[in-house]
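Residue-level structural notes
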Amino acid sequence: MRVFIVPGLVELRIKVDPKREITREGLPYIVMPWMFAPWPEAREKGVVSLDIKGDTLRDLLLELSKIYKQANVDFEPINPKTNDIDFDYEILLNGKRYVVLKKGLDTKLRRGNEIVIKMNWRWDG
Amino acid sequence: MDDEKRLDREERIRYDRQLRIPEIGEEGQKRLKGSNAVIVGVGGLGCSSATYLSAAGVGRIRIVDFDVVKRSDLNRQVLYGEEDIGKRKVIVAQKRLSRINSKIEIVPLFKRIDEKNVFEIIEGADVVVDGLDNLATRLIVNSACVRRRIPFIYGGVSRLRGMVTTIIPKETPCLACIFPNIPEEEGRMGVLGVSPALIGSIQALECIKIIIGGGSSLAGRLLRFNGNDMKFYIHEIRRNEGCKICS
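Residues numbered from 1 in each chain as written. Chains lettered and ligands numbered in written order. Predicted model: local features only at pLDDT ≥ 70, side-chain atom pairs only at ≥ 80, totals over all residues. Heavy atoms only, no water.

Let's shift gears to the sheet that holds strand E7 (residues 96-97) of chain A. Residues and elements named next belong to chain A. Reading across the sheet, the six strands line up as E3-E1-E2-E8-E6-E7 and stay open at both edges, with antiparallel pairing between neighbours. Edge positions in the open sheet fall to strand E3 (48-51) and E7, since each of these has one partner strand only. Two strands pair when backbone bridges link them, and strand E6 (residues 89-93) and strand E8 (residues 114-119) are joined in this way by five bridges, in the antiparallel orientation. The residue of E8 that forms the bridge with Leu92 is Val116. Against the sheet, helix H1 (residues 57-70) contacts strand E1 (2-7), strand E2 (11-16), E3, E6 and E8, and its axis sits at roughly 50 degrees relative to E8. (Pairing = 2+ DSSP bridges. Helix = DSSP H or I, 4+ residues; strand = E, 2+ residues; numbered from the N terminus. Contact = heavy atoms within 4.5 Å. Axes fitted to C-alpha atoms, helices over the stretch in contact; angles between N-to-C directions.)

What follows concerns the interface of chain B and chain A. Counting residues at the interface gives 38 residues for chain B, matched by 25 residues for chain A. Between chain B and chain A the total buried area reaches about 2800 Å² when both faces are included, carbon and sulfur atoms providing 59% of it. Interface area lost by chain B to chain A is led by B:Arg161, B:Arg224 and B:Arg238, which between them contribute 23%. Our count for the chain B to chain A interface comes out at four salt bridges. If you list the elements that add at least two residues to the side of chain B that touches chain A, you get helix H4 (44-56), helix H7 (135-148), strand E5 (152-158), strand E6 (161-167), helix H8 (175-178), strand E7 (221-226) and strand E8 (231-236) of chain B. A per-element tally of the side of chain B that touches chain A places E5(B) first, with four residues. Residue composition of the side of chain B that touches chain A, by class: 17 nonpolar, nine polar and twelve charged. (Buried area = accessible area lost by both parts, 1.4 Å probe. Salt bridge = Lys/Arg side-chain N within 4 Å of Asp/Glu carboxyl O. Nonpolar A, V, L, I, M, F, W, Y, C, P; charged D, E, K, R; others polar.)

For the rest of this paragraph, the subject is the packing of H4(B) against helix H9 (residues 194-211) of chain B. All names here are of chain B. Closest axis-to-axis distance for the H4/H9 pair is 7 Å, and the angle between their directions is 40 degrees. Between H4 and H9, the angle is such that the two are oblique. Between H4 and H9 lies a crossing of right-handed hand. Across from Gly44, Leu45, Ser48, Ser49, Tyr52, Leu53 and Ala56 in H4, the residues of H9 making contact are Pro196, Ala197, Ile199, Gly200, Ser201, Gln203, Ala204, Cys207 and Ile208. (Parallel < 35°, antiparallel > 145°, perpendicular 65-115°, else oblique. Left-handed = near helix turned anticlockwise from the far one by under 90°.)

A contiguous nonpolar patch, built from B:Leu160, B:Leu192 and B:Val194 and spanning about 250 Å² of accessible area, is present on the exposed surface. With respect to the helices and strands, the residue B:Leu192 is situated in the loop between H8 and H9. (Patch = residues over 30% accessible without salt bridge, like charges linked within 9 Å, V, L, I, M, F, W, Y side chains within 5 Å. Areas by Shrake-Rupley, 256 points an atom, 1.4 Å probe, with all protein chains shown as cover.)

Geometrically, a pair of aromatic rings is defined through the distance of the ring centres and the angle of the planes. Counted by the stated rule, this structure contains nine aromatic pairs over all chains. For the pair A:Trp121 and B:Phe179, a centre-to-centre distance of 5.4 Å together with 80 degrees between the ring planes defines the contact as edge-to-face. Here the residue A:Trp121 occupies a position in the segment after E8, and B:Phe179 occupies one in the loop between H8 and H9, the pair thus bridging two chains. Accessibility assignment for this pair places A:Trp121 and B:Phe179 in one class, buried. Three or more aromatic residues joined by ring pairs make a cluster, and in this case those are A:Trp39, A:Tyr68, A:Phe75 and A:Tyr89. When the ring centre of B:Phe110 is taken as origin, the NZ or CZ atom of B:Arg88, which lies over that ring, is 3.7 Å away. Against the face of A:Phe87 rests B:Arg159, its NZ or CZ located 4.0 Å from the ring centre. (Phe/Tyr/Trp six-rings, centres within 6.5 Å; stacked < 30°, edge-to-face > 60°. Buried < 20%, exposed > 50% of the residue type's maximum accessible area, 1.4 Å probe, protein only. Lys NZ or Arg CZ within 6 Å of the ring centre and 35° of its normal.)

This is how it looks when you write it as structure tokens:
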């Protein structure tokens, strides 16, 4: 499947096979430039497009982890020990947390779906 | 030379091990002695940073908190003991810290930080160290520090993980660059005592480096620690050009 990635302030926003062209228009400047690390050429345009093998949320997240790893960036939303989402991340599909999805991470992605991968910050003291 | 910044014999003995460090030396120690740090919140993070800033000889430390010691604090807030349950944290912390170093001044402020009193709380600070446990108050302190151009060292923890970044107003991203609005706060996730001990110690080191003029290592950089696999990560972060607080 073809996905378009738009790094937001501190998160990745991903559109699956969108019907319209994806641009950064209206989106704030990115605060975490390392999110572009695997695709330095995309920094100027601010949008990354790539083909992902597989068609589930899990496939997408695993593929992204692999790509980031090759760029020496720690970005591993699925914890390999638990095979579930790591405590450092929050995953939303069309605005809903992945845990409320019937098939969870094995939900099939469809055209127009929007996935948000957020970094969890720490607030406790 | 200002008399009050001169090191006496006792101080030379007390700080001997750090006076030997070239990056600190006598000049750095005098700077520490003449400095003012404010620690907002003396929970897990604040207990750790306050301990090491006191031991290092930061001359004046203001500690701010409105809470009392609870039994559930004792796993991580190591300035307090069982006999302190129900007592004001800032008062107990002041006594403990003064026992660590009676040559410095510890000023306790039993106050809940809000938009009205925050400027008074950070007044005169060379550095403000974050020991808070919620984003809303952090954003209030962040905004005041940006306006007064005072470095603010963010630290946060949960479970076995933590983060630190140093905010140098107008140079690095501030907290509001990253969180323009207050997101829905998540419930307590749990904290193991060593997480704030570690993160608070890194904050104390950043504070000391700023005071002695050595510069911050985490200005514009986010350090993430994961105790599950014992890894540290550092990422560059940038200012939000649309930030309503610092741009």
